[in-house]
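# Architecture at a glance
Below are the chains, spelled out letter by letter.
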Amino acid sequence: TVVAATNANTGARKTRRGCYNSNETLSVNSGLPPPLLSRFDLVLVFTDDRDPEKDAILADFVLEMGLDKQAGGWTADELRDYIGFVKGNALAQGACPRALEVLSEYYQRMRRIAGGGATVRTLESLMRMSQAHARLLMHDRVEISD
């Protein structure tokens with residue numbers, strides 16, 4: 001497992017004042033070349049958009065929760081234990097045939113739309129993410145919903 005992080009402030013210098021530019025590609029915003037980005041199964045982009053109304057709601061929520069309260073009903077130890085449990089459980093039955101069909105169809109569609117941007121590595125990533133989701137929900141195999 002590799003977790004890598006970057007932000008617009010330290011990523012590409014083409015970004016305006018260190019802000020993520022949604023009109024540019026992920027490669028331009030992060031400063032990472034496409035071949036390197038293709039090696040990640042999942043890339044999440046978090047932006048902190050300025051919106052006074054949402055900022056007020058967020059501030060109220062954080063201040064209401066307080067630093068001592070437990071968010072979402074899980075402690076850090078419980079969450080760590082659950083993730084460890086999920087990682088340690090292999091899928092007993094692999095994947096249902098229909099789920100494999102859906103993954104294949106989705107990959108082929110990506111190839112038609114994105115051309116060279118979708119590679120075999122993309123299909124492998126989709127399968128790994130499906131397996132991880134199935135394990136997270138304690139399924140015996142990858143289902144269509146995964």
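Nothing here was measured: the structure is a model prediction, and the numbers come from that model. (Residues numbered from 1 in each chain as written. Predicted model: local features only at pLDDT ≥ 70, side-chain atom pairs only at ≥ 80, totals over all residues. Heavy atoms only, no water.)

## Structural notes on the overall build of the protein chain
Our working rule: Only runs of H or I of at least four residues qualify as helices and only runs of E of at least two qualify as strands under DSSP, and these elements are numbered from the N terminus. Accessible area is worked out with a 1.4 Å probe on protein chains only. A residue is then buried under 20% of its type maximum, exposed over 50%, and partly exposed in between. Methods summary: accessible areas were calculated by the Shrake-Rupley approach with a probe of 1.4 Å, and residue burial reflects only the protein chains presented.
If you tally the helices and strands in the protein chain, you get 6 helices and 0 strands. Mapped from its N terminus to its C terminus, the protein chain presents α and β elements in the order α-α-α-α-α-α. Looking at the protein chain residue by residue over its 146 residues, the buried ones come to 16%. Counting only carbon and sulfur atoms, one obtains 56% of the accessible surface of the protein chain, whose full area is about 11400 Å².

## Remarks on the pattern of salt bridges
Heads up, the condition is: When a carboxyl oxygen of Asp or Glu is within 4 Å of a side-chain nitrogen of Lys or Arg, the pair counts as a salt bridge.
Per the counting criterion, the structure on display carries 5 salt bridges. The residue Arg 128 makes a salt bridge to Asp 41 at a minimum N-O spacing of 2.4 Å. Taken together, the positions of Arg 128 in helix α6 (residues 120-136) and Asp 41 in the loop between α2 (34-37) and α3 (52-65) put the pair 87 residues apart, joining distant regions of the chain. In this structure Asp 41 comes out as partly exposed when scored by relative accessible area, which is 28%. Close ionic contact of Glu 101 with Arg 98 constitutes a salt bridge, the shortest N to O distance being 3.1 Å. Separated by 3 residues within a single helix, Glu 101 and Arg 98 lie in helix α5 (residues 97-114), roughly one turn from each other. One salt-bridge network, in which partners are shared between bridges, spans Arg 98, Glu 101 and Glu 105.

## Concerning the side chain of Asp 146
As a reminder of what qualifies: This count recognises Lys and Arg as positive and Asp and Glu as negative, with His and chain-terminal groups excluded. In protein, a polar contact requires one atom able to donate a hydrogen and another able to accept it; more generally it is a pair of N or O atoms within 3.5 Å, and residues adjacent in sequence count only if both atoms are side-chain atoms. By definition in these notes, contact holds between two residues if any of their heavy atoms fall within 4.5 Å.
Within the fold, Asp 146 resides in the segment after α6. One buried charged side chain, Asp 146, makes no salt bridge at all; its nearest oppositely charged neighbour is Arg 141, positioned 8.2 Å away. At a separation of 2.6 Å, a polar atom in the side chain of Asp 146 contacts the side chain of His 133. Each residue touching Asp 146, except ones within four places of it in the same chain, is listed here: Ser 130, His 133, Ala 134, Leu 137, His 139 and Arg 141.

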